[in-house]
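Structure at a glance
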Amino acid sequence: MIGFARAVLVASLLLGSAAQAGESVTVFAAASLKNALDEAGKAFTAQTGIAIKPSYAASSALARQIESGAPAELFASADLEWMDYLAKKNLVRADTRVNLLNNRLVVVAPKDAKEADLALTADAFAKALGPDGRLATGEVASVPVGKYAKAALEKLGLWGTIQLRLAQADNVRAALALVSRGEAPLGVVYASDARSDPGVKVVAVFPEDSHPPVVYPFALTAEAKGEGAARLLDFLKGAAARPYFEAQGFSVIPAGQGAK
């Protein structure tokens, strides 16, 4: 009987492991999170056997996809507004929402550009952009980095002269690519994006009080199924994930300060 019971226990554990190994979590995350979440996701999968299926894009695009019924289980936004948008429609679980990360807003130039320390003035931008150059950033009406950029430029009195010279991209990584490829002499992105691309360098950092804080809220969606998504969110909130975020230039909001 003891041998039989032991065999049943082993069989149950094997079946459980097999089921878990086949489990996956669909994550919709802001494009700026790609490098950090890819690395954290590998660690989570190695620990749990649960696969991560990420989709990276602008928070605005992802929120609208979730609204349209896309099967996301975890949403990570680059600003509070798009998380609020889904929360008002009861499309995320309010009790799981947490403000997990902060980021900085920076100006980047191609790695081989002459600019090294750009003053945040109209004359300095005009000189760096040249007669035909564009300032790349996200779409200013909806993409979080574009909204932060507009707020900062307005606060510094630069919006009036720069708004007609913007190259507005679908997401922050697309804006970053324009600079990295030399198609735009300057771009406004996050510090984490600048760190991810060796083809650019940071030439200016916007004062923190020039725009709303760059905050990344995470939450399970209303359609999240199984335990995988909740386990992933717990992992991302924990100490094991912190190095992956910090290595990419994010700062982790201390526990207890990140609740909505």
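Okay, so let's go over this structure. (Residues numbered from 1 in each chain as written. Predicted model: local features only at pLDDT ≥ 70, side-chain atom pairs only at ≥ 80, totals over all residues. Heavy atoms only, no water.)

**Observations concerning the overall build of the protein**
Check the secondary structure of the protein and you find 11 helices and 11 strands. Oriented by its inertia axes, the alpha-carbon framework of the protein measures out at about 85 × 40 × 30 Å. Here the protein holds 260 residues, and 49% of them are scored as buried. Here the contacts in the protein between residues at least 6 apart in sequence split such that 79% fall between residues at least 24 apart. Accessible surface, the protein: about 12300 Å² in total, of which carbon and sulfur atoms supply 55%. One way to put it: in the protein the 27 positive side-chain charges average out to a point 2 Å from where the 26 negative ones average out. (Helix = DSSP H or I, 4+ residues; strand = E, 2+ residues; numbered from the N terminus. Buried < 20%, exposed > 50% of the residue type's maximum accessible area, 1.4 Å probe, protein only. Contact = heavy atoms within 4.5 Å. Areas by Shrake-Rupley, 256 points an atom, 1.4 Å probe, with all protein chains shown as cover. Lys, Arg positive; Asp, Glu negative; His and termini not counted. Charge placed at Lys NZ, Arg CZ, Asp CG, Glu CD.)

**Some words on empty space enclosed by the protein**
Rolled over the atoms, a probe sized like a water molecule indicates the empty space that remains. Tallied over the full model, the rule gives 1 cavity of 30 Å³ or more. Considered as a void within the structure, the largest cavity measures approximately 60 Å³ in volume. Counted by class, the lining of the largest cavity contains 10 nonpolar, 3 polar and no charged residues. (1 Å grid on protein atoms, 1.4 Å probe; cavity = no way out; pocket = protein on both sides within 12 Å on 5 of 7 lines; lining within 4 Å. Points joined across faces, edges and corners; volume = space filled by probe spheres on them. Nonpolar A, V, L, I, M, F, W, Y, C, P; charged D, E, K, R; others polar.)

**Brief notes about the environment of Ala122**
You can see Ala122 is positioned in helix H5 (residues 122–129). Separated by 38 residues in sequence, Ala122 and Gly160 have C-alpha atoms that sit 9.5 Å apart.

**With respect to the nonpolar core**
Ranked by internal contacts, the top residues of the largest apolar core, which has 74 residues, are Leu33, Leu186, Tyr216, Phe218, Leu236 and Phe245. With residues up to four places along the chain from it excluded, the contact list for Leu33 reads Tyr56, Ala76, Leu101, Tyr216, Phe218, Phe245 and Phe250. In terms of nonpolar packing, the next biggest core, distinct from the first, is built from 13 residues, Phe28, Ala63, Ile66 and Leu86 among them. (Core = buried A, V, L, I, M, F, W, Y, C linked by side-chain atoms within 4.5 Å.)

**Some remarks on the sheet that holds strand E6 (residues 135–138)**
Across the sheet, 5 strands lie side by side as E7-E6-E8-E5-E9; this open sheet has mixed pairing. Since the sheet does not close on itself, it has two edges, and those belong to strand E7 (166–169) and strand E9 (200–205), each with one partner. The average angle at which neighbouring strand axes cross in this sheet is 35 degrees, direction not considered. Bridging between E6 and strand E8 (residues 186–190) involves 2 bridges; their strand directions are parallel. (Pairing = 2+ DSSP bridges. Axes fitted to C-alpha atoms, helices over the stretch in contact; angles between N-to-C directions.)

**Some remarks on the sheet that holds strand E10 (residues 214–220)**
Taken together, the 6 strands give an open sheet; going across it, the order is E2-E1-E3-E10-E4-E11, and neighbouring strands pair in mixed fashion. Since the sheet does not close on itself, it has two edges, and those belong to strand E2 (51–57) and strand E11 (251–252), each with one partner. As defined by bridge partners, strand E4 (residues 98–103) adjoins E10 across 5 bridges and the pair is classed as antiparallel. What sits directly across from Leu101, in E10, is Tyr216. Contacts from helix H10 (residues 228–237) reach strand E1 (24–30), E2, strand E3 (74–76), E4 and E10, with the element oriented near 150 degrees to E10.

Functional significance is not addressed by these values, which are geometric in nature.
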